[in-house]
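Spelled out from the first residue to the last, the chains are:
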Amino acid sequence: HSGETVLIIAPLKGLVRTLQKIKDDYEGNHLCMLDLVRCSIIVETEEQIASVLQKMLDMGIVVRLKNRFATPLPTGMRDCLLNVKV
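This one's a predicted model, so the numbers in the text were calculated from it and none came from an experiment.

Engineer: Looking at this structure, how should I read the overall build of the protein chain?
Structural biologist: The helix and strand tally for the protein chain stands at two helices and four strands. Listed N to C, the secondary structure of the protein chain is β-α-β-α-β-β in terms of helices and strands. Each principal axis of the C-alpha atoms in the protein chain carries an extent, and together these give about 40 × 30 × 20 Å. Evaluated residue by residue, the protein chain yields a buried proportion of 15% over its 86 residues. Of all intrachain contacts in the protein chain linking residues separated by at least 6 positions in sequence, the fraction that spans at least 24 positions is 45%. Carbon and sulfur atoms form 60% of the exposed surface of the protein chain, whose accessible area is close to 6,800 Å². The averaged location of the 10 negative side-chain charges in the protein chain is 7 Å from the averaged location of its 11 positive side-chain charges.

In structure tokens:
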């Protein structure tokens, strides 16, 4: 990548998984479902992470932010999850 920022568009969350998540995680409230449309932004440096995040915050589109750099997954995986307005 040599410093590039890469956008990867994922398929929509499947219907079965969506309905299961609404039932199990949100007590049937479909308005809580925030991640039907998914994508990844891949960067190589911490500076790029900060730049992309700041641009999105400046645009006012960030609804929720999960910072898994502060609390990595048990596997050591670190990332940042954003829910944004589309």
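Engineer: What's the story with the environment of methionine 56 in this structure? I'm lost.
Structural biologist: Residue placement: methionine 56 occurs in helix H2 (residues 46-59). Residues methionine 56 and leucine 82, 26 residues apart in the sequence, show an inter-C-alpha distance of 9.5 Å. Setting aside chain neighbours within four positions, we find methionine 56 in contact with Ile41, Ile61, Val62, Leu82 and Val84.

Engineer: Help me understand the layout of surface pockets in this model?
Structural biologist: Over the atoms rolls a probe the size of a water molecule, and its path tells where empty space is left. Estimates place the volume of the largest pocket at around 1,200 Å³. Along the wall of the largest pocket there are 36 residues; nearest its centre are Cys39, Ser40, Cys80, Leu81 and Leu82. For the lining of the largest pocket, the secondary structure elements donating two or more residues are strand E1 (6-9), helix H1 (15-26), strand E2 (39-42), H2, strand E3 (62-67) and strand E4 (80-84).

Definitions and limits used
- Residues numbered from 1 in each chain as written.
- Predicted model: local features only at pLDDT ≥ 70, side-chain atom pairs only at ≥ 80, totals over all residues.
- Heavy atoms only, no water.
- Helix = DSSP H or I, 4+ residues; strand = E, 2+ residues; numbered from the N terminus.
- Buried < 20%, exposed > 50% of the residue type's maximum accessible area, 1.4 Å probe, protein only.
- Contact = heavy atoms within 4.5 Å.
- Areas by Shrake-Rupley, 256 points an atom, 1.4 Å probe, with all protein chains shown as cover.
- Lys, Arg positive; Asp, Glu negative; His and termini not counted.
- Charge placed at Lys NZ, Arg CZ, Asp CG, Glu CD.
- 1 Å grid on protein atoms, 1.4 Å probe; cavity = no way out; pocket = protein on both sides within 12 Å on 5 of 7 lines; lining within 4 Å.
- Points joined across faces, edges and corners; volume = space filled by probe spheres on them.

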